[in-house]
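Here is what each chain is made of, one letter per residue.
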Amino acid sequence: MSNTYTPPKIWTWDAENGGEWASINRPIAGATHDAELPKGKHPMQLYSLGTPNGQKVTILLEELLEQGEAGAEYDAHLIKIGDGDQFSSGFVAVNPNSKIPALFDTDTGSRVFESGAILLYLAQKFGRFLPADPAHRTEVMNWLFWLQGSAPYLGGGFGHFYAYAPEKFEYPIDRFTMETKRQMDVLDRELAEHRYLGGDEYSIADMATWPWYGNLVMGDAYDAGEFLQVESYENLRRWAYDILDRPAVQRGRKVNRTWGPLENQLHERHDASDFELRTQDKIAPQEA
């Protein structure tokens, strides 16, 4: 059988062709069903899942709370993308793109979607983790936008074809492996010169990048550590483990997480005490 594919004159949607995430991929936008979003008591209402993009926001919220910013208190509601929660009328009203994470600020009445936009919104609102100096701020923004443009090659490119696609094909795996390793080299070279991305101060650029490339270089993504030879990126690994040591990062990466060790899963976060009382290792036995 030939592996050559000749595109038809007009593309048609085959809902069965798409691998693990076929059930949630579609060529149209908008809601598929009516459902209101839940609302909690805190200023920030987050609707998310603990993917790398979701972790960006919960890490920042936990970092803000650690800095004493009471206005950053939040309810993190679980959006089960495998079940299509992101296509509810309530979710689409907050994010017409139907992707997690999405934030609603009850103080201002603002909806904020796209993870990078949420990080920038919160950093500006609270005056934290974004330098005031114009030159330093610009450098941090350079890396924030670098991440937003680069991560799709890692997740939708390398991760999809290496780990999730229903069949393995050499060309896309080689193509996206090359780009992923190039990106890790970009980061490794920058981090040879600076402690953090954009300088020597921890910022939203690091919070945006760590869930993607930090987990990757520590060997925790796509079971691809050996394949990518992640141990060769010494500066990137140093940065990744430094950030992992931060208590707010350890908390933030657990929020809305539904896989992995039960003690690292906090399906919903509505109070700071939930990290001690409501992780799945605490409540799963009760549910059983």
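1. Here we look at the pairing of strand 2 (residues 74–78)
Of all the five residues making up strand 2, five are buried; the element is thus mostly covered by neighbouring parts of the structure. Alternating residues of strand 2 divide into Tyr-74, Ala-76 and Leu-78 and Asp-75 and His-77, and every residue in both groups is buried. The sheet contact formed by strand 1 (residues 44–48) and strand 2 spans five bridges and is parallel. Pairing of Ser-48 across the sheet is with Leu-78, part of strand 2. Crossover strand 1 to strand 2 through helix 1 (residues 52–66) is right-handed.

2. Some thoughts on the packing of helix 4 (residues 134–164) against helix 5 (residues 170–193)
Any two packed helices are characterised by how steeply their axes cross, that is the angle between the axes, and by the distance between the axes. Contact pair helix 4 / helix 5: the axes reach a minimum separation of 9 Å and the direction vectors enclose 150°. Judged by the inter-axis angle, helix 4 sits roughly antiparallel to helix 5. The two elements helix 4 and helix 5 meet at a crossing, and its hand is left-handed. Across the interface between the two elements, Glu-139, Trp-143, Trp-146, Ser-150, Tyr-153, Leu-154, Gly-157, Phe-158, Phe-161 and Tyr-162 from helix 4 touch Pro-172, Ile-173, Phe-176, Thr-177, Glu-179, Thr-180, Gln-183, Val-186, Leu-187 and Glu-190 from helix 5. Here the residues of the contact of helix 4 with helix 5 are counted per class, giving 12 nonpolar, five polar and three charged.

3. Things to note about the sheet that holds strand 1
Taking strand neighbours across the sheet as the criterion, the four strands line up as 2-1-3-4 in an open arrangement whose pairing is mixed. Each of the sheet's edge strands pairs with one partner strand only, and the pair in question is strand 2 and strand 4 (110–113). Neighbour-to-neighbour, the strand axes of the sheet open up by a mean angle of 20°, direction not taken into account. As judged from the four bridges shared by strand 1 and strand 3 (residues 102–105), these two strands associate in the antiparallel manner. Note on strand 3: the bridge partner recorded for Tyr-47 is Ala-102. Most of the contacts of helix 1 go to strand 1, to which it runs at about 155°, and overall it touches strand 1 and strand 2. Along the sheet, helix 3 (residues 115–126) makes contact with strand 1, strand 3 and strand 4, crossing strand 4 at roughly 130°.

4. Considerations on unusual backbone geometry
Cis geometry is found at the peptide bond from Ile-100 to Pro-101, where omega equals 0°. Within the fold, Pro-101 resides in the loop between helix 2 (89–94) and strand 3. Residues other than glycine seldom take positive phi values, yet Tyr-222 does so here, at roughly 65°. Here Tyr-222 shows up in the loop between helix 6 (204–217) and helix 7 (225–228). Positioned with a positive phi, Asn-256 is a non-glycine residue whose angle comes to about 65°. Within the element layout of this structure, Asn-256 appears in the loop between helix 9 (247–252) and helix 10 (274–277).

So, how was this worked out
Residues numbered from 1 in each chain as written. Predicted model: local features only at pLDDT ≥ 70, side-chain atom pairs only at ≥ 80, totals over all residues. Heavy atoms only, no water. Buried < 20%, exposed > 50% of the residue type's maximum accessible area, 1.4 Å probe, protein only. Helix = DSSP H or I, 4+ residues; strand = E, 2+ residues; numbered from the N terminus. Pairing = 2+ DSSP bridges. Right-handed = clockwise from strand over helix to strand, strands pointing away. Axes fitted to C-alpha atoms, helices over the stretch in contact; angles between N-to-C directions. Parallel < 35°, antiparallel > 145°, perpendicular 65-115°, else oblique. Left-handed = near helix turned anticlockwise from the far one by under 90°. Contact = heavy atoms within 4.5 Å. Nonpolar A, V, L, I, M, F, W, Y, C, P; charged D, E, K, R; others polar.

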